[in-house]
Each structure stands twice: as C-alpha cells, then as structure tokens.
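# Structure assessment
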Amino acid sequence: EQYTSVAQPGEVLRKQQKWTKPLLIVFVAALAGVAVLVAHDRDWKAPAVRVRGHPEFTEEDATPANPPGESATATSPPAETDLSAASEWTAMHPDPAVLKWLDTSEVKPGGTTCGFLTAPLGTMGVHVDSYPDVKVYFCIKFADTQPAPKGTVFTHCGGPGSLSACGINWGAMAGDGYNHVGMDQRGLGRSLPTFATPNCTVAGSSILDDYEDEEAVRRNLRKIKARAHTCFNDPSFQLPAKNNKSGRDYFNFLQFSGTDEVAEDLDRFRKAIGARKLSLHGISYGSAIAMAYATKFRDHVDKFLLNSPVPPTLSMFQMAWDSAHGQQLQYDNFAAACDSAGAACPLSMAPGGTGNALALVMDKIRQMNIQIPLTTDQCKAFFFCTSPTSVSAVYLANLQLGFSQAGDREGFKQVVNEVYTQYQAAASGDIVKFESMIVKSGQEYVAAFIAAVNAAARPSQPSGPQAALPFFDENPDTNSKPTEEERVAGQPDYHVLINQGQVAQTCVMSQSTFDEASNENYFMSRWKEVKSTFPNFHLGKSVKLFTSWWSMTYSWPRLTPTTSAASPTTPGIIIGYIYDPNTPYSWAQQAHASFPLTSLVTSQASKHGMGFDEVDRDCLPILHKYLQEDVQPVDGDLCRAPRPVAWS
C-alpha cells in the first residue's frame, strides 16, 4: 500500500497491524520449526572444511562427516552409487537417449571407449523448443572395479584445442579407483559441427617471423579481421531450427559453442551416466571449464582441481596484458639465476650480464634478417615456416629459449652455452661466423623437433588387411578411440586447418570472453605499451604472447562472454606457479579469491601445469593425498624448487 503525508496516525497504525499480525504468526511458526530441527539433530553439525594443519584436525577428518539420515561410513559414497534408487544409468550403461558408446565390446572394467553425446544447441530463452541437436564426443577409461570406487573424474588439458586423448592420459594423475573422462568439446576433434573449416583459417599463415615488427602485426590484424567475418558467416555454422515456433529459421553455431556450453554438456554427461557428482581437473584453459561447471552446478562437484588456472573473469585484454607480464617475470628470473651462477653460466660474464647479452644477439639477428634454410618436407613437418623453405631465426630463438628450462635442463644449458658463443661473435663484429652459428643451431633444433614429434605422434600401424589403408581413413562411424589432434577419424585435414590461424582459440574464446579490440590503431597503441613495458631482452616473447592472446577475438562480430566464475561452497586445490610462462601466478590468486574454500598450493618452479616432471616431486604427493584420501592441504602450501637452471 502507498502511504502519503496526509494519512492519519491511527490509519497508518491500522494498516501496519494488518501486515504485522500474519508476519508475527509466520515468524513464531518458523522458530518452532527450528526448535524441532535442533532438538532432533542437536548432536549433528555441518562438516567443517577438512584442512590438514588446522589445530583441531585429526586423521578422522580425512573422512567426510555424514549428515542426518545418511549412514556413517569410512569413506565417501562413490559418485556412481550415491543416487536415488530410481536412477538406472551408470557409466557402463548410460542413458541411450543421450549418450551412446560406439563399441560395446570395449565397455568393461579397465576398458577404454568413446561415443557421442546428443545435446540441444542451446538451453535458454524462447527458442528452447527450436534448438537443433549437436554431437559431442566423450571418451572414458573405466576403473578396474565397477562401479568406480571413487566416481568419475573429468580432465581437460586446456588450449582451447586439446582433445579427449589428453584428458584420458592426464586423468592418470588422479590415480586408481576413478573412471577417467576426456572430451572433444563443441567444434573440436570429432564433435560436430566442427570449427576446422577453410573459412575459419587465416589466409597464408598467422605466424609472424617477428612480433616486434609493427607493419607485420598490422598486416596480420587485417587478415584476422577478414577471417572473423568469413568464419562467423560460414554456411556450415547456420543450423536449421527444429521448428519455426519461435520465428527463427536458423541458429549460428558460433553463438552456442563457448565455455558455458561445455559446462552444460559436461552436466548432461553426468546425468547420462547416473552420477551424482563429478570430480574436475582443469589444466590451463581447462580450468575455465571446471570453474564454469562449479559456478553453474556446484552441488554436483566432488574433487575440484585447478592446475595453472586462467582467471575467473575472462577479460581478453587483461589476460593478454597479464600474459606479457608473466613472460617478463619468467625471463627475468632466468637471467637472475644465470647472473648469480657467475662463470658457471657464461652469459653472466657479458658486460651488463645475461639480459644485455641476449638483447645484443637478438638485435643482431634482426639487423641481419637471418633466415634458416630448410627443405620443403622439413617445413611441412615443422609447420612454423613462414616461407616454403625457410624459417625466421627470430622465431626459432623464441622456441629455443622457451620454457624448456623446466623440462630439459641439460638441453637448455647447452642452448645457453651456444648463445654465449654467438654473443662473442656478435660482440667482436665477426658477422660471417655469427650467421653460420645461428643457421647451424637452428637447423639442428628443427631436426630434433621433427624427430621428437614423429616419435610421439604416430602409433604403430595395423597389420593384416587394414595395413594398406591410409592412416586417416578410419571410419568415423565405428572408430571408438580417444582423439589426438593428428588423428581425427574422418577428418584428414583437421590438424592443418585447426592450426592455421588459432582457429580453436578464436572460436572458443570469442564465445567466452569480453574486452576485445576491433580497431587496428587502438590495438597497436596497446601493443606499443606492451613492447615498451616488457622489453623481455628483445626476445619479443612478451609482445608475441600479448598479440596472440588479444588477436584471438579481434573484430569478432558478436561476443558471448561467460559470467565471472565463483563458488563460496566448493572446496578443492588450486596449483599456481610463480614463474608460469603461460598462465601468470596472479590468476591462481584470483581463482582462489573466487573459490575461497579451496587451498592454494604454490610452486616456485618455472613451468606451466603440474605433471610428472622431476621439478614437481614435492607437490605431487599433496595432489595424491587429496584425490585418493580426500585430504585437502593447508591453504598456502609451498612447493620449493631450484632456480630455473641450476648450474654447477
């Protein structure tokens, strides 16, 4: 009711009493209800977050408490069996209307198989009845015991662009007792429709010889702008509506295949296998999927692990800027380690130290415009060439001085020693010797790179009648194997198309982020800021990462950003590396603020993503304790690691 200044005091009092009486009755009834509940359950209290190191922590806290009405057991009930009696679906026998495994002979304890999830294109708005269906490829490695004692863990390796094989392989970090699940998210791998179409590639190549070359960056932005419009309007993405009830004839797939939709597909998968909860392991961009799921479906999260996460708020510009900053910090850390080693690290002996020596070498390579001659076959296999028979020495220097200092320390020390001899030649003015050394080092690097790729990428070929079939001609209707980028059944050109212009990253991030640029001059003004703010010893690594990130969404016609991710009730672990070259440590801190019940585990190592490397040996037991025993570590645990290269 509306009250005015002319109402009489008695009238106002009567109107207040009209509402006060029933409210008082409701309030008293509510108090009575609370009293009954307290009397009934006065001996039960909500379980506290189980954090080792808390003054009241005991080993019994490693076992979740049970609320009233649930039996007290030694371990949490497995996700597969923690369901109402009405549920009939399991991982081995999913809801056939939603999920079908392609080869039923592989559906057995310890087996691995894949299949297609059928999902509506969208879920919201007046078009619900009109959305067409899409196909999403899921793979699973069944636990040796079924139902899986620890439920189902989903792993996404990041990118965007990683596929189901990576999820299955990296799922091994969770250990035994889980079903391990990976997926080809919408648009990628075997999922349909696919982003891997010629209209979504960048004409020629989007790889630049030198990201410090302003004119080259400008030319590339124009190609990316043209690609954005041809890709967005590609006929293969215009999906016919199921009916015309909503007045729509078509829906654009590139408005319905971002991070939010991946989270929704994952929850459809959960329901299809009859699981009450899923455990989530997101690596790099994969953490965006895990955070989106925990935000939307927080009641269905079991274990929650963010491994080198992206930030919970996906501002494309801020991510690009932070990535450039992260590169500067990583290489500053490397130079400081070298300088502190003295004669054991030869670059430190240069006037001005390691940073000045690196800058002089890079400046000389640019001045001489050195190209590394390669064969045509080498360029096809290397896929970083910007001409049919050569690759830029500047670009190769970016690869050779990459974050391999974490994975191959001895190899990196060898590279550093080579750079010192190159520095000596450049400083003395012997440009013939300098160029010869640069070319030789580059050719050796490319040969080693191709050999490593060939050894890792190709499994043994089949024998018998199938041996004569081309490798990529596997029948997509029957092939039930996890997908790797170089072997997507039925799509022989997938690897080439998806890598010609950051196709996966562009299509996904344009549907997940905001703060894009659509004006060339504005983009270049921020590019100049990065170049001057993060000089990076003239390597160009910082400006390269900034340009790569921010150009992903450049001039995209219509962004569809995800909401900021957060959950005040989701415990778990966040792993952050202080000198992460890809996802800066500040993002791990931001994720921790948005998921306050998680524990932040910090590593001093200079790398991206926790795996099975020697440098992670102190951190891995923390993860295993959480994933196998449900014991969350102390918030703020620190995994100590040596400097990026420990010279002796």
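Since the model is a prediction, treat every value here as computed from it, not as a measurement.

Turning our attention to the side chain of Ser279. Relative to the helices and strands, Ser279 resides in strand S8 (residues 278-283). Setting aside residues up to four positions removed in sequence, Ser279 forms contacts with Thr152, Val153, Phe154, Tyr178, Asp302 and Lys303.

Read from one edge of the open sheet, ten strands run S1-S2-S3-S5-S4-S8-S9-S12-S13-S14, paired in mixed fashion. If you trace the sheet from one side to the other, it starts and ends with strand S1 (99-101) and strand S14 (638-639), each paired once. The strands touched by helix H18 (residues 620-629) are strand S9 (301-307), strand S12 (572-577), strand S13 (598-603) and S14; relative to S9, the strand with the most contacts, the crossing angle is about 165°.

Moving on: the state of the cysteines. Simply put, the disulfide is a covalent bond whose two ends are the sulfur atoms of two cysteines. For the structure shown, the criterion picks out five disulfides. Across the disulfide, Cys114 is cross-linked to Cys139 (sulfur-sulfur distance 2.0 Å). Looking down the S-S bond of the Cys114 and Cys139 bridge, the torsion is 110°, so its handedness is right-handed. Pair noted here: Cys114 is in strand S2 (residues 112-120) and Cys139 is in strand S3 (residues 133-141), with a separation of 25 residues, a long-range link.

Below, the discussion takes up the packing of aromatic side chains. With the rule as written, the count across this model stands at 25 aromatic pairs. Their ring planes at 65° and their centres at 5.0 Å tell us that Phe317 and Trp550 sit as a pair that is edge-to-face. Here the residue Phe317 occupies a position in helix H6 (residues 316-341), and Trp550 occupies one in helix H16 (residues 541-551), the gap between them amounting to 233 residues. By the burial criterion, Phe317 is buried, and Trp550 matches it.

This part is about the confidence of the model for the chain. Overall, the predicted model of the chain reaches an average pLDDT of 83, with 80% of residues at or above 70. Confidence drops under pLDDT 50 across residues 1-86; counting only partners more than four residues distant or on other chains, this segment forms 70 contacts.

As a further point, take helix H9 (residues 393-400). Of all eight residues making up H9, seven are buried, and the element is well covered by its neighbours. Taken together, the buried positions of H9 are occupied by Ala393, Val394, Tyr395, Leu396, Ala397, Asn398 and Gln400. Near the N-terminus of H9, the side chain that reaches the backbone nitrogen of Val394, with its oxygen 3.1 Å away, is that of Ser392.

Let us now look at the nonpolar core. In terms of nonpolar packing, the biggest core is built from 160 residues, with Phe195, Leu254, Leu280, Phe304, Ile365, Ile372 and Trp549 touching the most fellow members. For this core, the element with the most residues is H6, which contributes ten residues. In this structure, Trp549 is in contact with Met316, Met319, Ala320, Ser323, Met509, Asn582 and Trp587, ignoring residues within four places of it in sequence. Formed by five residues, the second largest nonpolar core is a distinct cluster that contains Cys114, Phe116, Tyr137 and Cys139.

Another aspect to go through is unusual backbone geometry. The residue after Gln146, namely Pro147, is reached through a cis peptide bond having omega -5°. Within the secondary structure layout, Pro147 lies in the loop between S3 and strand S4 (152-156). Following Gly159, the chain continues to Pro160 via a peptide bond in cis, the omega torsion being -5°. The residue Pro160 is located in the loop between S4 and helix H2 (164-170) in this model. Located in the positive-phi region is Phe537, a residue other than glycine, with phi close to 55°. With respect to the helices and strands, the residue Phe537 is situated in the loop between helix H15 (520-533) and H16. Under the relative-accessibility criterion, Phe537 is labelled buried at 14%. For His538, which is not glycine, the phi torsion reads 65° and is therefore positive. With respect to the helices and strands, the residue His538 is situated in the loop between H15 and H16.

As for its position among the elements, Gly342 is in the loop between H6 and helix H7 (354-368). Of the residues examined, Gly342 reaches a relative accessible area of 22% and is grouped as partly exposed. It is 9.5 Å that separates the C-alpha atoms of Gly342 and Gly353, two residues lying eleven residues apart in sequence. Sequence-distant contacts of Gly342, defined by excluding residues within four places in its chain, comprise Ser348 and Met349.

Before going further, it helps to spend a moment on the pattern of salt bridges. As enumerated under the stated definition, the model contains 19 salt bridges in all. Put simply, Glu106 and Lys481 hold a salt bridge, and the shortest N to O gap is 2.9 Å. Separated by 375 residues along the polypeptide, Glu106 in the loop between S1 and S2 and Lys481 in the loop between helix H12 (431-457) and helix H13 (494-498) bring together distant segments of the chain. Of the residues examined, Glu106 reaches a relative accessible area of 12% and is grouped as buried. You can call Lys481 partly exposed: its relative accessible area is 40%. With a closest N to O distance of 3.3 Å, Arg487 and Glu484 form a salt bridge.

Once that is clear, we can look at the pairing of S3. Summarising the sheet, S2 and S3 pair through nine bridges and their orientation is antiparallel. Residue pairing across strands places Thr112 opposite Lys141, the latter belonging to S3. Both S3 and strand S5 (residues 179-184) contribute to a ladder of five bridges, which runs antiparallel. Following the sheet pairing, Lys141 is matched in S5 by His180.

Reading the values: the criteria
Residues numbered from 1 in each chain as written. Predicted model: local features only at pLDDT ≥ 70, side-chain atom pairs only at ≥ 80, totals over all residues. Heavy atoms only, no water. Helix = DSSP H or I, 4+ residues; strand = E, 2+ residues; numbered from the N terminus. Contact = heavy atoms within 4.5 Å. Pairing = 2+ DSSP bridges. Axes fitted to C-alpha atoms, helices over the stretch in contact; angles between N-to-C directions. Disulfide = S-S within 2.5 Å. Phe/Tyr/Trp six-rings, centres within 6.5 Å; stacked < 30°, edge-to-face > 60°. Buried < 20%, exposed > 50% of the residue type's maximum accessible area, 1.4 Å probe, protein only. pLDDT = per-residue confidence, 0-100. Polar contact = N/O pair within 3.5 Å; in protein donor to acceptor, adjacent residues only side chain to side chain. Core = buried A, V, L, I, M, F, W, Y, C linked by side-chain atoms within 4.5 Å. Salt bridge = Lys/Arg side-chain N within 4 Å of Asp/Glu carboxyl O.

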